[in-house]
Each structure stands twice: as structure tokens, then as C-alpha cells.
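# Structural overview
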Amino acid sequence: MRGIVFGVSVLAVLAGAGLAQQATITKGMINPDAPIDISANAFDADANAKSALYTGNVVIHQGEMIMRANSVRTNFVNDKPNRIFAQGKVVIDAPSGVATGDNGVYDVNPRIITLTGNVVLTKDKNVMRGNQLVVNLITGIAKLDGGEPGGAPGKGGRVHALFSPTNNQSDAPKP
């Protein structure tokens, strides 16, 4: 689970609604070599399948990032996590904002995070909604897809964004 660097500052860059929006997000916020701390209500391992299942209020900490889900399954290659599957009320909380979805997959080697199903990105009062979010943690490129009305990624759905301009008096020029 190295480098779950989720720059939800995607909100500041993605403008407008539409299918398949792309943008650059903040990179390098979390040390990819930081230890991964996983806690859950229960743990089951399958040595033959080289996988582990964490269930019940799963919380994963790495650096400043926190991921929560109802259950998390990890697949291992050479005794290292290769792919991490999060299911049920997935929440990724980072200093730059919060991303939620029904399910999430973290492909460790290519460092790609995918959230699917009712994806919501929030930063301050700004909110974006879609059906699938794919974030490449190496390039910093993110893609939010509206998906089909039935929930599958692809055509038919829409991305929705609501941006709230700040009205901070301290930003106004002084006479």
C-alpha cells in the first residue's frame, strides 16, 4: 500500500461537469515508504491464495493518509502487498481533502488507486461527484468518470461539480 498519496486537490483543478474529466493532482504529500498500520475487528489469512482479509471497521494509516472501509482484502506477491481491495463505505482522508466511494482498489506496483460507485470528492465547501475515480500516484493524473446510470463506468452518466468561491476579507487588496 506504498504511497497512497491522494491529492484531493483535484477539486481545484477539475472545472465543470462532463464525462471523463482529467487533471493533475498534488503529489508527494505522503512518504510512500512510511509504515502501513492496519487495524480491524477481524483478520483471516489464506497462505495458499497469498491473501489476507480484514473485516469490520478497517482503518489503514500511512503517513498523513487514513483509509477506512468495511472490509479490505490484500493480495501478496513475494510477501509484499500487490493489490488491495476495499469494500463498503470506502473513505480516503488526506490533508488535501476526502474521497469516498462504494469500493476501492489500490494497485501497489503501478501505484494506481481506483474508487467506484457513488464517488464523492470534497475539499472545504467544494464537491465533485461521479461513478469512477482513477488516480495515478506517479504522474499525478486523475480521471473522474460519470459512468452509466446503472453504476458501471462508461457512457451515460455525468460528472457533477460544485465550487464555492471563497469570500475571505483578508484576500482583498488593502488601500
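All figures in this text were calculated on a predicted structure; none of them were measured in a lab. (Residues numbered from 1 in each chain as written. Predicted model: local features only at pLDDT ≥ 70, side-chain atom pairs only at ≥ 80, totals over all residues. Heavy atoms only, no water.)

## Things to note about the overall build of the protein
Assigned secondary structure in the protein consists of one helix and eleven strands. Its helices and strands in sequence order give the protein the pattern α-β-β-β-β-β-β-β-β-β-β-β, from N to C terminus. Per-residue burial for the protein yields a buried fraction of 41% across its 175 residues. In the protein, 43% of the contacts between residues at least 6 apart in sequence involve partners at least 24 apart. (Helix = DSSP H or I, 4+ residues; strand = E, 2+ residues; numbered from the N terminus. Buried < 20%, exposed > 50% of the residue type's maximum accessible area, 1.4 Å probe, protein only. Contact = heavy atoms within 4.5 Å.)

## Examining the packing of aromatic side chains
Within a pair of aromatic rings, the relevant descriptors are the distance that separates the centres and the angle that separates the planes. Taken as a whole and assessed by the stated rule, the structure comprises one aromatic pair. The interplanar angle of 50° and the centroid separation of 5.0 Å between the aromatic rings of Phe 43 and Tyr 54 together place this pair among those described as tilted. Here the residue Phe 43 occupies a position in strand S3 (residues 42–46), and Tyr 54 occupies one in strand S4 (residues 51–62), the gap between them amounting to eleven residues. Take Phe 43: its relative accessible area is 48%, and that puts it in the partly exposed class. In this structure Tyr 54 comes out as buried when scored by relative accessible area, which is 17%. (Phe/Tyr/Trp six-rings, centres within 6.5 Å; stacked < 30°, edge-to-face > 60°.)

## So, the confidence of the model for the protein
Where the model shows low pLDDT, its predicted coordinates should not be examined in detail. In the predicted model, the protein carries a mean pLDDT of 76, and the fraction of residues at 70 or more is 70%. Below a pLDDT of 50 lies the segment residues 1–29, which in the model reaches 117 contacts outside its immediate sequence neighbourhood of four places, other chains included. (pLDDT = per-residue confidence, 0-100.)

## Quick look at the pairing of strand S9 (residues 126–136)
In terms of burial, S9 is largely enclosed, as eight of its eleven residues are buried. When strand S8 (residues 112–123) meets S9, the two strands line up antiparallel, connected through ten bridges. By the bridge assignment for S9, Lys 123 is matched with Asn 126. Where S8 folds back onto S9 in an antiparallel hairpin, the turn is made up of two residues, including Asp 124, whose phi is positive at roughly 55°. Alignment of S9 against strand S11 (residues 160–162), held across three bridges, turns out to be antiparallel. The partner of Arg 129 across the bridge, within S11, is His 160. In terms of strand pairing, S9 meets strand S10 (residues 141–145) through four bridges, oriented antiparallel. Looking at the pairing, Val 135 lines up with Ala 142 of S10. (Pairing = 2+ DSSP bridges.)

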